[in-house]
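# Reading the structure
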Amino acid sequence: MALTIYAVAMMVRTAADALAAVPADAVEASTSIGHSLWTRFWLVEFPLAGPVLLAGLRVVSASTIALVSVGAIIGSANLGYLFTNGKQRDFLEEILIGIGASFLIALVFDIAIVLLGRVLMPWNLRKSPASKSIRQNAVGVY
């Protein structure tokens, strides 16, 4: 429950920053062509804030997984138990397994979030460096 509150608090701040980073010109242009508040949010603000929201979700995911390990200190039997038990028994392999498991779980979540972002925001895919240099040479920018 505490980790959920922590994650929501971090995402609220990230969402506020993401929506504040939407260019005012885009919002004004959307309003001037007649979009309602609801339509403007879903068609303009949310897509432009998407990359920042995705980055914030990645940070929240990694920090929450890291904090799960700290929960063993207050008596919660979870992945952090490997750290505390290994430290108490001076058993290095148990500590390393806990570190590896935490890293693996964080990596899996991070990859899943990145893939989800690519599916939900295909317009945000990076172009290859070769296509960028071709495009720059085509318009005469060096």
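First, a word on what this report is: a plain description of the structure on this page. (Residues numbered from 1 in each chain as written. Predicted model: local features only at pLDDT ≥ 70, side-chain atom pairs only at ≥ 80, totals over all residues. Heavy atoms only, no water.)

## Side note on the overall build of the protein
The condition is simple: The way it works is that DSSP assigns letters per residue, a run of H or I at least four long becomes a helix, a run of E at least two long becomes a strand, and they are numbered from the N terminus. Whether two residues are in contact is decided by their heavy atoms, any of which lying within 4.5 Å being enough. A 1.4 Å probe and the Shrake-Rupley method give the accessible areas. Residues count as covered only by the protein chains that appear here.
A count of helical and extended segments in the protein gives six helices and zero strands. The helix and strand sequence of the protein, counted from the amino end, reads α-α-α-α-α-α. A separation threshold of at least 6 residues defines the contact pool for the protein, and within that pool the share at least 24 residues apart is 53%. Element-wise, carbon and sulfur atoms account for 71% of the exposed surface of the protein, whose accessible area totals about 10,000 Å².

## Observations concerning the pattern of salt bridges
This is how it is decided: By definition here, a salt bridge exists when the distance from a side-chain nitrogen of Lys or Arg to a carboxyl oxygen of Asp or Glu is within 4 Å. Residue exposure (1.4 Å probe, protein chains only): buried if accessible area is under 20% of the type maximum, exposed if over 50%, otherwise partly exposed.
Going through the model one piece at a time under the given rule, you end up with four salt bridges. The partner of Glu45 in a salt bridge is Arg40, and the shortest N-O contact between them spans 2.9 Å. Each member of the pair Glu45 and Arg40 is classed as buried.

## Things to note about helix H3 (residues 37-70)
Threshold: Helix span, as expected, comes to 1.5 Å for every residue beyond the first. In this scheme, the bend at a residue equals the angle between the axes fitted to the seven residues that finish there and the seven that begin there.
For H3, spanning 34 residues, the distance from its first C-alpha to its last is only 43 Å, which falls clearly below the expected 50 Å at 1.5 Å a residue. Taking the largest bend as the criterion, H3 deviates by roughly 50°, centred on Gly50, and proline Pro51 comes between one and four positions later.

## Some thoughts on the side chain of Glu45
Of note, Glu45 is situated in helix H3. You can call Glu45 buried: its relative accessible area is 15%.

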